[in-house]
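# Understanding the architecture of this molecule
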Amino acid sequence: MNTAQLLALDHIVLVLVAALWLGAGVSTVMARRDRRTRLIALGLTLAALAATGLRVGLAVTLSRSGWWFAADKLILALPLVGVPALVAAVAALPRLLRPSPSPATAVPTLTAGYGALGGVVAALTISHPVPPVLAGVLIALVAVGATITWHSLGTVSRTGGVETATGTVARGRWSTTAGIAVLCTALVWAGLSAWSSRIPATLDLGAHHRGTTVQDPAQPATATRAVTDLRGPATGAKVRRFTLTAKPATVTLASGRRVEAWTFDGTVPGPTIRVRQGELVEVRLRNAMPGIGVTLHWHGYDVPVGEDGVAGVTQDAVKPGGEFVYRFLAEDPGSYWYHSHDLSDPAVRMGLYGMLVVDPTATGGTKVSDHTVSTHVLGGVQTVAVDDEGPVDGLARLGVIPGTPVRLRVTATDNVRRTLGLSGTPYRIAAVDGRDLSRPGEIGDRRVQLAAGGRYDLTFTMPATPVLLSVDGRSDLGLLLTPGSGTAPAPAAGPLLDIATYDSDGPARPGGSGGSGRFDRFDREVTWILDRGLAMLDGIPTLAHTVNGEVWPRITTPVLREGELVKITVANRSGDVHPIHPHGHHVRVLSRNGVPATGELWMDTFDVGPGEVWEVALRADNPGIWLSHCHDLGHATLGMTFHFAYEGVTTPYDAGHASGNNPE
Ligand code: C2O
Ligand code: CU
């Protein structure tokens with residue numbers, strides 16, 4: 001069983017534990033009446049004990065995948081359920097063996113039940129690390145519940161078949177008052193934290209690392225630089241100029257269906273920007289969207305921070321009628337994409353994105369059939385787009401002469417991962433997120449999962465029969481490459497390939513370094529625990545997507561020094577998939593779920609599934625203030641947006657409410 005399955009099982013067992021203890025408690029109260037109820041109570045208590053034991057076992061097993069998977073269970077569940085359960089076992093079991101057990105026997109049993117109920121609440125609302133106040137409130141409520149139960153059950157006495165309850169009403173009132181007091185305290189605390197969580201009118205993301213954070217006194221402080229000083233070069237050998245105008249448009253899908261979209265230049269995806277390595281890219285963004293700010297973020301292209309296009313961090317959102325010019329040197333060949341980064345969830349969903357390809361400096365040789373392929377849900381319909389051909393809500397088609405080398409640069413632009421299959425030919429994943437792999441092996445009918453925001457370059461030689469790139473296993477969605485005739489093969493249906501251990505069995509790439517560099521001595525370690533839990537999001541209690549228990553903009557910002565090698569551990573305790581995208585850097589994947597990655601896997605968007613732990617290395621070689629977030633942009637909006645910064649880098653821009661900028 002993997003960690004995700006263990007986590008799911010733990011939730012089921014948790015509910016079972018609560019039901020069993022409460023059932024055991026109620027039947028213990030009634031156990032005086034007859035032998036059958038006593039036996040039921042006995043059975044339920046034993047079952048509850050066994051389930052509690054199972055849960056402890058699960059927690060211990062989970063802790064082996066990482067303490068963060070079990071911390072809340074071991075910290076909270078033990079005092080809440082474990083201790084009352086043990087008391088119940090010691091106190092209740094022998095008494096249930098005798099006739100007419102006192103109802104007070106049920107107090108520890110019911111307390112374990114309340115605790116388990118508290119555990120259910122905790123599992124659904126508390127994200128890692130366990131917030132002490134919430135934990136305290138839960139424990140206090142269980143204690144109050146136990147006291148009330150004790151008062152109302154504990155003093156029933158029976159003389160000659162007549163039951164008398166003494167002194168319970170007053171004391172019961174006292175503990176009810178205590179319970180109300182705990183609840184009021186919790187409410188006041190919630191109100192205060194909601195109030196303090198409001199995103200202020202002005203929010204300077206550079207404020208807390210303004211050139212003063214020198215951790216090592218032996219080293220001089222880095223001079224302060226603003227993101228506006230860290231821009232692309234003004235001149236270059238060859239300048240390639242593009243203009244993109246953001247505007248609403250009606251887009252017609254291949255089926256004839258019309259969709260209202262937000263577009264660059266009237267098309268979705270926007271025009272492909274395709275340049276050659278060494279060229280200077282200059283893109284003029286114009287905004288003709290009514291009432292919506294727009295920017296351009298070069299997803300995966302590690303531009304200087306001043307060109308990163310994050311509203312409120314690296315620039316002001318371009319307001320309707322405004323413009324902004326981006327400039328960067330295209331040094332790294334590969335597949336990338338661009339999209340707006342102001343209110344990015346609706347912006348990308350509605351169509352404000354396009355492809356960016358940097359071709360390597362001409363090497364001559366055979367002509368490659370080289371295409372961009374992107375998948376996107378437009379107006380509720382799943383589509384694919386090949387090059388600048390417009391969205392196809394079905395199978396796009398390409399004619400390719402047999403024997404031609406083919407390269408398909410596939411990009412997933414939605415909020416969810418896509419499963420790709422290539423049938424009709426063996427193929428390789430030559431590059432991931434714009435970086436060539438070192439020894440990509442040949443893939444038969446195995447399928448691959450592409451993270452939201454990620455790119456795979458699939459390569460193969462065109463056979464004499466058709467080849468099908470299928471999306472999500474569908475025979476009617478994807479790209480069909482044909483040599484002119486022949487029927488489409490069935491979609492690939494093989495097992496999923498693990499991208500982290502894929503790059504190993506192929507022939508070494510000519511010119512590839514083949515080595516691994518040094519990724520074992522780190523200057524800094526950063527841990528991001530992803531979770532789902534109750535958090536105050538801009539003043540509103542939300543079932544948010546949290547990082548280290550916090551949400552945007554309160555997630556602690558790691559401050560890096562240029563040149564450092566940083567080890568980042570990302571663990572996902574939630575049931576959701578989180579494609580993590582650090583801006584401005586590719587990270588070298590070190591391991592996934594404890595299994596070392598093979599070859600040379602560099603990613604800018606790595607897909608951390610439920611229960612997964614990824615270890616990656618980041619070389620701090622691109623100074624700036626870098627937004628990072630889950631590329632399920634809905635999750636980013638619900639809290640999972642954070643940033644990391646370089647010592648001494650500041651921003652003149654403002655991400656607060658009054659600024660009109662929405663980094664996410
Ligand atoms: Cu494509 Cu900040 O993301
Ligand atoms: Cu996410």
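What you are looking at is a predicted structure, and each value in this text was computed from that prediction instead of being measured.

Right, let's get into the overall build of the protein. A count of helices and strands for the protein gives eight helices and 36 strands. By principal-axis analysis of the C-alpha atoms, the protein measures approximately 105 × 60 × 55 Å. By residue count, 55% of the 664 residues in the protein fall in the buried class. A separation of at least 24 residues holds for 76% of the contacts in the protein among residues at least 6 apart in sequence. A total accessible area of about 26300 Å² is found for the protein, and carbon and sulfur atoms account for 60% of it. Averaged over its 55 positive side-chain charges, the protein has a centre that lies 9 Å from the centre of its 56 negative ones.

Here we take up the packing of helix α3 (residues 67–97) against helix α4 (residues 106–125). Look at α3 against α4: their axes get within 8 Å of each other, and the N-to-C directions meet at 160°. Considering their axes alone, α3 and α4 lie roughly antiparallel with respect to each other. Of the two elements, α3 crosses α4, and the hand of that crossing is left-handed. Note on element contacts: α4 touches α3 through P108, T109, T111, A112, G115, A116, G119 and A122, opposite L76, L80, V81, P84, A85, V87, A88, A91 and A92. Here the contact of α3 with α4 is composed, by residue class, of 13 nonpolar, four polar and no charged.

On to the coordination of the copper ion (ligand 2). Bound to the copper ion (ligand 2) on the protein side are H578 (ND1), C630 (SG) and H635 (ND1), at distances that span 2.0 to 2.1 Å. Motif for the copper ion (ligand 2), donor spacing along one chain: H-x51-C-x4-H. H635 shares its class with C630; the two are buried.

A word on the pairing of strand β13 (residues 381–386). Among the six residues of β13, six are classified as buried, and the element is accordingly described as predominantly covered. Side chains V381, T383 and A385 of β13 all project onto a buried face; the interleaved residues Q382, V384 and V386 project onto the opposite face, where all are buried too. Pairing of strand β12 (residues 369–378) with β13 involves six bridges; the strand directions are antiparallel. Among the inter-strand pairings, T375 is bridged to a residue of β13, identified as V384. In textbook terms, the turn of a hairpin is the stretch between consecutive antiparallel strands, and for β12 and β13 this stretch comprises two residues, one of which, G379, has a positive phi near 55°. Here two bridges tie β13 to strand β14 (residues 391–392), and the two strands are oriented antiparallel to one another. Each bridged residue has a counterpart across the sheet, and for V384 the counterpart in β14 is V392.

The next subject is the environment of A85. Of note, A85 is situated in helix α3. For A85, a relative accessible area of 3% translates into the label buried. Spatially, the C-alpha atom of A85 lies 11 Å from that of L22, the residues being 63 residues apart in sequence. Not counting residues within four places of it along the chain, the set of residues in contact with A85 comprises W21, L49, T52 and A112.

A word on the packing of helix α1 (residues 3–29) against α4. In the contact formed by α1 and α4, the axes pass within 8 Å of each other and the chain directions differ by 155°. One element, α1, and the other, α4, form an angle in the roughly antiparallel class. α4 is crossed by α1, and the crossing has left-handed handedness. Along its contact with α1, which presents H11, L14, V15, V17, A18, W21, L22, A24, G25, V26, T28 and V29, the element α4 presents A106, T109, L110, A112, G113, Y114, A116, L117, G119, V120 and A123. Split by residue class, the contact of α1 with α4 holds 17 nonpolar, six polar and no charged.

With that out of the way, let us pick up α4. The first and last C-alpha atoms of α4 sit 28 Å apart over 20 residues, in line with the 28 Å expected at 1.5 Å per residue. Across the 20 residues that make up α4, a large majority, 16, are buried.

This brings us to the pattern of salt bridges. Considering all chains together, one arrives at 36 salt bridges under this definition. The closest approach of N and O atoms between D345 and R349, which form a salt bridge, is 3.0 Å. Here D345 pairs with R349, and both are found in helix α7 (residues 344–350), just four residues apart, close to one helical turn. A salt bridge links R573 to D531; its shortest N-O distance comes to 2.6 Å. Placement of the pair is R573 in the loop between β27 (565–572) and β28 (578–582) and D531 in strand β24 (residues 524–537), with a sequence separation of 42 residues. Across this residue pair, the class does not change: R573 and D531 are buried.

Counting 76 residues, the largest nonpolar core has L408, I429 and L481 as the members making the most contacts within it. Core analysis: the next-biggest nonpolar cluster, separate from the first, contains 35 residues, L6, L62, A85 and A88 among them.

Our focus in this paragraph is the sheet that holds strand β4 (residues 239–252). Spatially, the four strands line up as an open sheet ordered β5-β4-β7-β9, and their pairing is mixed. Here the strands that pair on one side only, and so sit at the sheet edges, are β5 (258–264) and β9 (323–329). Across the sheet, the axes of successive neighbouring strands diverge by a mean angle of 25°, strand direction being ignored.

It is worth spelling out the environment of P426 at this point. Here P426 lies in the loop between β17 (418–423) and β18 (428–432). Its relative accessible area of 42% is what places P426 among the partly exposed residues. Sequence-wise, P426 and D393 are 33 residues apart; in three dimensions their C-alpha atoms are separated by 26 Å.

This part is about the packing of aromatic side chains. Summed over the entire model, instances satisfying the criterion amount to 12 aromatic pairs. For the pair W68 and F69, a centre-to-centre distance of 6.5 Å together with 65° between the ring planes defines the contact as edge-to-face. Of the two residues examined, W68 and F69, each falls in the buried class. Relative to F642, the ring of W528 has its centre 4.5 Å away and its plane inclined at 65°; by these criteria the two rings are edge-to-face. Here the residue W528 occupies a position in strand β24, and F642 occupies one in strand β35 (residues 641–646), the gap between them amounting to 114 residues. Each member of the pair, W528 together with F642, is buried. Among the aromatic residues, ring-to-ring pairing joins F264, W298, Y301, F324, Y326, F328, Y336 and Y338 into one connected group. We note R198 situated over the ring of W195; from NZ or CZ to the ring centre the distance is 3.8 Å.

A word on the environment of V294. Along the chain, the position of V294 falls in the loop between β7 (280–287) and β8 (297–299). Residue class for V294 comes out buried when judged on its relative accessible area of 0%. As for V294 and G145, which are separated by 149 residues in sequence, their C-alpha atoms are 54 Å apart. For V294, the residues in contact, after removing those within four places along its chain, are A246, F264, L285, N287, M289, A317, V318, S340 and L352.

Calculation criteria
Residues numbered from 1 in each chain as written. Chains lettered and ligands numbered in written order. Predicted model: local features only at pLDDT ≥ 70, side-chain atom pairs only at ≥ 80, totals over all residues. Heavy atoms only, no water. Helix = DSSP H or I, 4+ residues; strand = E, 2+ residues; numbered from the N terminus. Buried < 20%, exposed > 50% of the residue type's maximum accessible area, 1.4 Å probe, protein only. Contact = heavy atoms within 4.5 Å. Areas by Shrake-Rupley, 256 points an atom, 1.4 Å probe, with all protein chains shown as cover. Lys, Arg positive; Asp, Glu negative; His and termini not counted. Charge placed at Lys NZ, Arg CZ, Asp CG, Glu CD. Axes fitted to C-alpha atoms, helices over the stretch in contact; angles between N-to-C directions. Parallel < 35°, antiparallel > 145°, perpendicular 65-115°, else oblique. Left-handed = near helix turned anticlockwise from the far one by under 90°. Nonpolar A, V, L, I, M, F, W, Y, C, P; charged D, E, K, R; others polar. Donors = N, O, S within 2.8 Å, 3.2 Å for Na, K, Ca; no water. Pairing = 2+ DSSP bridges. Expected span 1.5 Å × (residues − 1). Salt bridge = Lys/Arg side-chain N within 4 Å of Asp/Glu carboxyl O. Core = buried A, V, L, I, M, F, W, Y, C linked by side-chain atoms within 4.5 Å. Phe/Tyr/Trp six-rings, centres within 6.5 Å; stacked < 30°, edge-to-face > 60°. Lys NZ or Arg CZ within 6 Å of the ring centre and 35° of its normal.

Note that all results are geometric; they support no functional claim without further evidence.
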